[in-house]
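# Inside the fold
Given next are the chains, with one letter for each unit.
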Amino acid sequence: MMGAIQTGSDFLFAAAIQAPQLRPEAASSIAEGVDHLYFALTFITLFFTFIIFSTILVFMVKYRRRAENERPPDTGEHLGLELTWTIIPTLICVGLFLWASSLYFENSRPPSASTEIFVIGKQWMWHIQHPEGVREINELHVPVGVPVKLTMTSEDVIHDFYIPAFRVKKDVIPGRYSSLWFQATKIGTYHLFCAQYCGADHAEMLGWVYVMSPADYAAWLAGGVPSQTMQQSGELIFNKLGCASCHLSDGTGRGPSLLGIYSKEEELKNGDKRLVDEAFIRQAIVNPNSVVLPKYPAIMPTFQGQINEEQVLQLVAYVKSLASEERKTDGK
Amino acid sequence: MSTATIDVPEVPTGSRVNYLNAQYGVKSWLFTTDHKRIALLYLVSITLMFFIGGFFAVLMRLHLIEPQGALVQPETYNKLFTMHGVIMVFFFLVPSIPATLGNFLVPLMIGARDLAFPRLNLISWYIYVVGACFTLYAVISGGVDTGWTFYTPYSSSFSHTSVIPTAVGVFITGFSSILTGLNFVVTIHKMRAPGMTWFRLPLFIWAIYATSIIFILGTPVIAITLFLLALERLLHIGIFDPAIGGDPILFQHLFWFYSHPAVYIMILPGMGVMSELVTCFSRKRIFGYSFVAFSSLSIAIISFLVWGHHMFVTGQSIYAGLIFSVLSFLVAIPSAVKVFNWTATLYKGSISYDAPMLYALGFIGLFTMGGLTGLFLASLATDVHLNGTYFIVAHFHYIMVGGAVMAYLGGIHFWWPKITGRLYPDGWARFAALVIFVGFNLTFFPQFMLGYLGMPRRYAVYPAEFQVFNVMSSAGASILGIGYLIPLIYLTWSMRYGPAAGPNPWGAKGLEWTTPSPPPTENFEEIPVVTEDAYDYAESTVNRG
Amino acid sequence: MTVHSAHPPGFAHQFEDMEQQREADSLGMWVFLLTEIMFFGGLFATYIIYRALYLPAFEIGSHQLEVRFGALNTAVLIGSSLTMALAIHSAQVGKRRAQVGFLITTMILGAAFLAIKFTFEWHHDYVEHLVPGLGFVIRPEWGAAGQHVPMFFCFYFFMTGLHALHMIIGIGVLTVLTIMAHRGRFTPEYYAPLEVSGLYWHFVDIVWIFLFPLLYLIGGRYMGAGH
Amino acid sequence: MSEHIVPVSLYIGIFVALLCLTALTTGVAYIDLGAFNTVAALAIAVVKMLLVVLFFMHVKYSGRLIQVFILAGALFLAILITLTLADELTRHWSPTPTGWGMFVPFLSRLF
Ligand code: HEA
Ligand code: HEA
Ligand code: CUA
Ligand SMILES: [Cu+2]
């Protein structure tokens, strides 16, 4: 059965590639896999629709009422049949579930060496900032063939970052980071949509994704004339807000040293183990009480309301960069 | 024959006292406690709401003919789809079959004089009307623009429209559903005629029973959720507002805890109608009675376990996502069992093509397509691409319009002679069924294409490359709209001019067909004693022990 | 086939006999209580999640409440449940005077509960600036957790308020029942309204049985009551 | 009437038991049991609820149907709470899945 589905979906897939207006452009490393599953599902749908429709048609013609007082025989019940049409769909469903879920796992695991880009959704536009400090609005420039990871948050309501050609989508939620990754495979220009209803101009919250060759991308970045990298902006805020007064690099301050904490696993006071990622660092800044460390008192004040999402992102970028500066400090 | 059901002499309508002519005057309707009259009150109000909701749909489709929008401002468009969704779901489809056909038929089918709590039944209708008035007030006072899903924090802190009146309206109607469900459950448990055992019940009753379970267990949760939403909006208590530490995703959990089961509220009664129609028009016992009966119950129960499949891309935990995905596949199985059993019932039957049967066959096909496209969405990897696009819109219209509304119309056509005592012109009815089928597919099939190509839903304007499919869809919607107007006309006509129907024009089984048409106020002069199984069409069947 | 010539009091036409009617009434009330469970359940689920997220704030909030009033009110409500049960018992054995007496006691206990709630607790909270939306003051001694204390009080007022609303409705129902009982409408054969309202009253009691530990006893009191 | 008549003495007994449990739950709150304070408080509340339901509400003496309905209510309430928590409490767990192997830490957390 699975084999038949595979062949059928391959056939549909081949046919769809012939008729490009029926298939959205496939420009990322995961698009083919998703489309394969999509066509398998289409095949199953067509298959069962065909079976049901044709059986009904045949019966309708064959057993049409021929006389007003006709009394058809009682066909009784049939346990075997019932079991057949319970078990076969169940097996198909289990197969689909396994296929779809493992594909989903694969698709949601970013390769470790990804370029990182930050996205802030705001009614009704996308603010995008590259680590190098270049900012853009409603446009996203990415190099081809390089995995890109987006860290996203919203300043107001829930939005959704959707690039159909890449088959990726993720809600962008206020008060929290969500992330998404892709690797573009084709140079070109693709739609960027907001796919979660967010108010009056939801339909205009769209933009373009430009996939460029690495050389073009480098040139584009250089032409952006950023004043500072995100990390530098973050360092400025870090000093201005007095974070450094508690977080001394040698760990003697009132707070823990932040050197090298990124991507480490922390054990919290309540026993939870948490990976220190962007979301964790953000949480430590805006709601420090929810991530208290065992050896420290819960004295870190919240910075919620004092800095906007962009500044939080810059702080996060800075704290992350402290990981790589560790060696530098050691050398001193 | 082994029936002990009463032979009713054929009396021409008009000369006999029935529930319609027992009393006259507006007051006799507004203060009635007769379940049959209350069913008609619902029928009128629900039809009205359907046409209001449909009117909004027509405006939307007209607007979308042009990529830049042909008709209204984006703000207005957002209000259109919100009010379309709210009215169609909460004020039309949720009450549709249960409150009209259910109200009319449950006592008749189980051999009771009325529902267990007739006054409560009338109160339910008034509650419905009050809720509808609130929502219509919201429409008049400027509309709402949150989408029918009311997602926070947009609805709680950002929208400037009449969110609270709408939420209050939906909240109030919720109690109408709850009380209706309560009434059905008690009636089905306690008021069955002697001999009417559970496994002799018509499958429509099983379906209504399963629906009532969802009414009872699900609706209170949406009530409290909307309550919290209104409170949040009024006082900014912070429960859903991330700025104060609230979790906006929690709202989605609570919302879908009701609203997913609610989609089965909309389809289960339709499935019940289907079982009645398929058996009657093929003159066969249903194939696999107990499988169809229990699949209704299992759908009702499993439906409470899958709500998270609406939240796969919201940043819901992946672990929870997996659980919800596998359970969503599971809920598809009982539906599959039903479809196969209906098809098998036709085998060696004596099939006639009266109008209700055409609707029934349309239902089976369109529901199959709608349901199977649900599997695309239950699959995690494909849902990431399809979520929030027109694919979703197409999926649920295939089930709700192609399935549930078809079943509703089929049911209305089937029991119309019983309800009014009159026949409608069969030719027109078949013609309308055909127009609706064609118009429907033309409207919604292109939306699958649009969704896969990536067109997001709730878009007032869209990139020009999507125009062709949108125009096809709009064209289909006008055909569909006309298709819905035809039955409205001939059914109204038949109430006055239709020929008298007689107690059982289709030769159907079931206690409701043993009463005169229209039935007398007390339903049965004497409570019948039931000695045969449901759908005992075969002449040869003798009492099976 | 049953022929019902003489209608017993309170008999409704759609039923076959009194027994069927009584069973339907009681089942109907139970089904209604199911909906109430889910209604409060949505609220409890929300509560549990925020409690897990902001436990320190919830502990602080809880410690602002007076346990003795909570415990006293629990006792009062349990007492009213007892008198309610006894009122039904009196109807079952046909004691009219006792019925009326117990019903009135139930109402008085219910009213006492509300009085304690409103005057000693809510009013006190208002004076102490603990009502969100009505001049809530976040106290510095609560420390960093203080910013989420209003969330606790939102739940506190919403849950106890919804409970109080149910009590008020219950007292209204009891008033009608007392009048009916006084007129001798209930007999050992027919007391369904009494029984059904009793179920409702006990249910409201159960809700409080959970609200008490969930609101007043969070994180224990051993830290030294009151901050 | 088929309704069971419960003797007054039983009602009084239940009442006294409920009062004692109220005192107990209040008392336990003043002893430091760590996380078990919550467990104890809820356990006592459940016992109290059962007493009220079984005796004051006569469920001990009523038919199977009503008992099934009550259990159904408890079941669906549990579904609502557990599945919502299933998301809220696991959101922070390994945000990037590593294939089916990720269920190993998942299961190890449960036991
Ligand atoms: C009556 C209404 C109704 C019904 C019955 C269904 C039934 C189903 N729905 Fe649908 N759904 C909606 C109404 C409905 N839905 C609505 C309104 C939305 C969108 C809400 C919004 O966001 O606005 C939605 C959205 C929706 C989503 C969320 C998508 C998203 O937002 O990303 C998902 C995901 O899993 C889903 C799945 C399913 C499944 C698996 C079924 C299953 O129950 C279907 C079962 C039926 C069949 C499978 C067909 C018959 C079977 C056969 C012929 C045999 C062959 C079968 C197999 C091989 C299994 N639906
Ligand atoms: C029971 C539910 C139900 C029903 C019956 C319908 C019926 C229809 N729906 Fe509905 N729809 C929803 C439930 C339903 N819908 C929901 C829940 C949403 C989501 C809302 C949201 O996103 O929040 C939605 C969204 C939705 C959209 C997507 C909007 C968007 O995302 O931007 C569209 C677009 O085409 C649409 C179209 C239609 C059409 C053409 C019909 C037709 O079937 C209607 C046919 C009826 C008539 C046409 C009326 C009768 C005739 C007249 C009044 C006479 C005049 C007309 C003519 C002469 C043409 N609907
Ligand atoms: Cu942003 Cu839609
Ligand atoms: Cu769903």
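Let me begin by describing the structure that accompanies this report. This one's a predicted model, so the numbers in the text were calculated from it and none came from an experiment.

What counts and what doesn't
Residues numbered from 1 in each chain as written. Chains lettered and ligands numbered in written order. Predicted model: local features only at pLDDT ≥ 70, side-chain atom pairs only at ≥ 80, totals over all residues. Heavy atoms only, no water. Helix = DSSP H or I, 4+ residues; strand = E, 2+ residues; numbered from the N terminus. Buried < 20%, exposed > 50% of the residue type's maximum accessible area, 1.4 Å probe, protein only. Contact = heavy atoms within 4.5 Å. Lys, Arg positive; Asp, Glu negative; His and termini not counted. Salt bridge = Lys/Arg side-chain N within 4 Å of Asp/Glu carboxyl O. Polar contact = N/O pair within 3.5 Å; in protein donor to acceptor, adjacent residues only side chain to side chain. Near = heavy atom within 4 Å. Nonpolar A, V, L, I, M, F, W, Y, C, P; charged D, E, K, R; others polar. Donors = N, O, S within 2.8 Å, 3.2 Å for Na, K, Ca; no water. Tetrahedral: all angles 85-135°; square planar, octahedral: opposite > 155°, others 65-115°. Pairing = 2+ DSSP bridges. Axes fitted to C-alpha atoms, helices over the stretch in contact; angles between N-to-C directions. Buried area = accessible area lost by both parts, 1.4 Å probe. Phe/Tyr/Trp six-rings, centres within 6.5 Å; stacked < 30°, edge-to-face > 60°. Patch = residues over 30% accessible without salt bridge, like charges linked within 9 Å, V, L, I, M, F, W, Y side chains within 5 Å. Areas by Shrake-Rupley, 256 points an atom, 1.4 Å probe, with all protein chains shown as cover. Expected span 1.5 Å × (residues − 1). Bend = angle between axes of the 7 residues up to and from the residue.

### Brief notes about the overall build of chain C
- Secondary structure summary: chain C contains six helices and zero strands in total.
- When its C-alpha atoms are laid out on the principal axes, chain C stretches across 75 × 35 × 30 Å.
- Counting every position in chain C, which comprises 227 residues, the buried fraction comes to 63%.
- Across chain C, the fraction of contacts at a sequence separation of at least 24, relative to all contacts at a separation of at least 6, is 79%.

### Thoughts on the side chain of Asp 354 of chain B
Residue and element names in this part refer to chain B.
- Secondary-structure assignment places Asp 354 in the loop between α10 (318–346) and α11 (355–378).
- An unpaired buried charge is present at Asp 354: no salt bridge exists, and Arg 430, the closest side chain of opposite charge, is 4.4 Å distant.
- Within the structure, the side chain of Asp 354 is placed 2.8 Å from the side chain of Ser 352, a separation counted as a polar contact.
- When near neighbours in sequence (up to four residues on either side) are disregarded, Asp 354 contacts Phe 281, Asp 426, Arg 430 and Trp 506.

### Concerning the site of ligand 2
Residue and element names in this part refer to chain B.
- With respect to spatial proximity, 34 residues lie near ligand 2, and among them Arg 61, Tyr 77, His 84, His 397 and Arg 458 are the closest.
- A distance of 2.6 Å is found between an oxygen atom of ligand 2 and a side-chain nitrogen or oxygen belonging to Arg 61.
- Here an oxygen atom of ligand 2 sits 3.1 Å away from a polar atom, N or O, in the side chain of Arg 457.
- Among the secondary structure elements, those contributing two or more residues to the shell around ligand 2 are α2 (35–63), α3 (74–110), α13 (390–420), α14 (426–453) and α15 (467–497).
- Taken together, the residues of the shell around ligand 2 sort by class into 22 nonpolar, nine polar and three charged.

### Quick look at the coordination of the iron atom of ligand 2
All names here are of chain B.
- Within the protein, the atoms that donate to the iron atom of ligand 2 are His 84 (NE2) and His 397 (NE2), at distances of 2.0 Å.
- Around the iron atom of ligand 2, the six donor atoms sit at angles spanning 87 to 179°, and that spread fits a shape best called octahedral. Placement of the pair is His 84 in helix α3 and His 397 in helix α13, with a sequence separation of 313 residues. You'll find His 84 and His 397 in the same group, each marked buried.

### Concerning the coordination of the copper ion (ligand 4)
Residue and element names in this part refer to chain B.
- For the copper ion (ligand 4), the full set of protein donor atoms is His 260 (ND1), His 309 (NE2) and His 310 (NE2), and the range of their distances to it is 1.8 to 2.1 Å.
- Motif for the copper ion (ligand 4), donor spacing along one chain: H-x48-H-H.
- Separating the copper ion (ligand 4) from the iron atom of ligand 1 is a gap of 4.4 Å. On the criterion of sequence distance, the pair formed by His 260 in helix α8 (residues 248–282) and His 309 in the loop between α9 (289–302) and α10 is long-range, its members being 49 residues apart. Each member of the pair, His 260 as well as His 309, is classed as buried.

### Thoughts on the sheet that holds strand β6 (residues 159–163) of chain A
All names here are of chain A.
- Taking strand neighbours across the sheet as the criterion, the five strands line up as β4-β10-β9-β6-β7 in an open arrangement whose pairing is mixed. At either margin of the open sheet sits one strand with a lone partner, and together these are β4 (139–143) and β7 (168–172). When the angles between neighbouring strand axes are averaged without regard to direction, this sheet yields 20°.
- Sheet topology note: the β6/strand β9 (residues 188–194) ladder contains two bridges and is antiparallel. Looking across to β9, one finds that Tyr 162 is bridged to Phe 193.
- Against the sheet, helix α4 (residues 214–223) touches β4 and β10 (207–212), its axis set at about 130° to β4.

### Focus: the pattern of salt bridges
Residues and elements named next belong to chain A.
- Counting across every chain of the model gives 18 salt bridges over all chains.
- The partner of Lys 320 in a salt bridge is Glu 116, with the nearest N and O atoms 2.2 Å apart. With Lys 320 in helix α8 (residues 309–331) and Glu 116 in strand β1 (residues 115–122), the pair connects residues that are 204 residues apart, well separated along the chain.
- Classification of Glu 116 as buried rests on a relative accessible area of 15%.
- Ionic pairing is found between Glu 278 and Lys 320, a salt bridge with its closest N-O pair at 2.9 Å. Of this pair, Glu 278 sits in helix α7 (residues 278–286) while Lys 320 sits in helix α8; the two residues are 42 residues apart in sequence, bridging distant segments of the chain.
- Here Lys 320 falls in the buried class, since its relative accessible area comes to 12%.
- One network of salt bridges, in which partners are shared, links Arg 23, Glu 32, Asp 35 and Arg 167.

### Details of the site of ligand 1
- Neighbouring ligand 1 are 34 residues; Tyr 264, Asp 383, Asn 387, His 395 and Arg 457 of chain B lie closest to it.
- Around ligand 1, the neighbouring residues derive from chains A and B rather than from a single chain.
- In the environment of ligand 1, an oxygen atom lies 2.8 Å from a nitrogen or oxygen atom belonging to the side chain of Asn 387 of chain B.
- Within the residue set of the shell around ligand 1, elements represented by two or more residues are α3 (79–108) of chain A together with α8, α10, α11 and α13 of chain B.

### Considering the interface of chain B and chain A
- Facing 95 residues of chain B, the contacting portion of chain A comprises 82 residues.
- Summed over both partners, the interface of chain B with chain A comes to about 7,700 Å²; 68% of that surface belongs to carbon and sulfur atoms.
- Among the residues of chain B in contact with chain A, Arg 283, Phe 340 and Tyr 452 of chain B are the three that bury the most area, contributing 10% of the side total.
- Across the pair Asp 247 of chain B and Arg 176 of chain A runs a salt bridge, and its minimum N-O distance is 3.1 Å.
- Linking chain B with chain A are 20 residue pairs in polar contact (both at pLDDT 80 or more).
- When residues of the side of chain B that touches chain A are traced back to their parent elements, those giving at least two are α3, α5 (154–158), α8, α9, α10, α11, α12 (380–386) and α14 of chain B.
- When residues of the side of chain B that touches chain A are assigned to their parent elements, the largest contribution, 14 residues, is made by α10 of chain B.
- Its residues placed into classes, the side of chain B that touches chain A shows 56 nonpolar, 27 polar and twelve charged.

### Re the pairing of β10 of chain A
Residues and elements named next belong to chain A.
- Relative to β10, β4 runs parallel, the two being bridged by five bridges. Bridge pairing links Leu 140 to Val 209 in β10.
- Relative to β10, β9 is paired through five bridges, and the arrangement is antiparallel. When the bridges of β10 are listed, His 191 appears paired with Trp 208.

### A look at the packing of aromatic side chains
Residue and element names in this part refer to chain B.
- Within this structure, the stated rule accounts for 90 aromatic pairs over all chains.
- Taken together, a centroid distance of 5.8 Å and an interplanar angle of 55° make the contact between Phe 90 and Trp 148 tilted. Separated by 58 residues along the polypeptide, Phe 90 in helix α3 and Trp 148 in the loop between α4 (118–140) and α5 bring together distant segments of the chain. This pair shows no difference in class: Phe 90 is buried, exactly as Trp 148 is.
- Residues Trp 148 and Trp 256 carry aromatic rings whose centres are separated by 5.9 Å and whose planes lie at 85° to one another, so their mutual orientation is edge-to-face. Here Trp 148, found in the loop between α4 and α5, pairs with Trp 256, found in helix α8; they are 108 residues apart in sequence, far enough to count as distant. Both residues of the pair, Trp 148 and Trp 256, count as buried.

### Quick word on a nonpolar patch on the surface
- Judged by side-chain polarity, Leu 79, Leu 83, Ile 87 and Leu 91 of chain A come together as a nonpolar surface patch covering roughly 390 Å² of accessible area.
- What makes Leu 83 of chain A partly exposed here is its relative accessible area of 41%.

### Brief notes about α8 of chain B
All names here are of chain B.
- For α8, with 35 residues, the first-to-last C-alpha span of 51 Å sits near the 51 Å given by 1.5 Å per residue.
- A maximum bend of about 35° is found in α8 at Trp 256.
- Where burial is concerned, most of α8 is hidden: 34 out of the 35 residues are buried.
- With a side-chain oxygen positioned 2.9 Å from the backbone nitrogen of Ile 249, the residue opening α8 is Asp 247.

### Some points on the environment of Leu 423 of chain B
Residue and element names in this part refer to chain B.
- Among the structural elements, Leu 423 can be located in the loop between α13 and α14.
- Owing to a relative accessible area of 27%, Leu 423 belongs among the partly exposed residues under this scheme.
- Separated by 79 residues in sequence, Leu 423 and Gly 502 have C-alpha atoms that sit 9.1 Å apart.

### Topic: the environment of Val 393 of chain B
- Within the fold, Val 393 of chain B resides in helix α13.
- Along the chain, Val 393 of chain B and Pro 456 of chain B lie 63 residues apart, while their C-alpha atoms are 9.7 Å from each other.

### Some details on the sheet that holds β1 of chain A
Residues and elements named next belong to chain A.
- With mixed pairing, five strands are arranged side by side in an open sheet as β3-β2-β1-β5-β8. At either end of the open sheet lies a strand with only one pairing partner, and these are β3 (135–137) and β8 (178–183). Across the sheet, the mean angle separating the axes of adjacent strands is 25° when strand polarity is ignored.
- Inspection of the sheet shows strand β2 (residues 125–129) paired to β3 by three bridges, in the antiparallel sense. Note on β3: the bridge partner recorded for Gln 129 is Arg 135.

That's the geometry; what it means functionally is another story.
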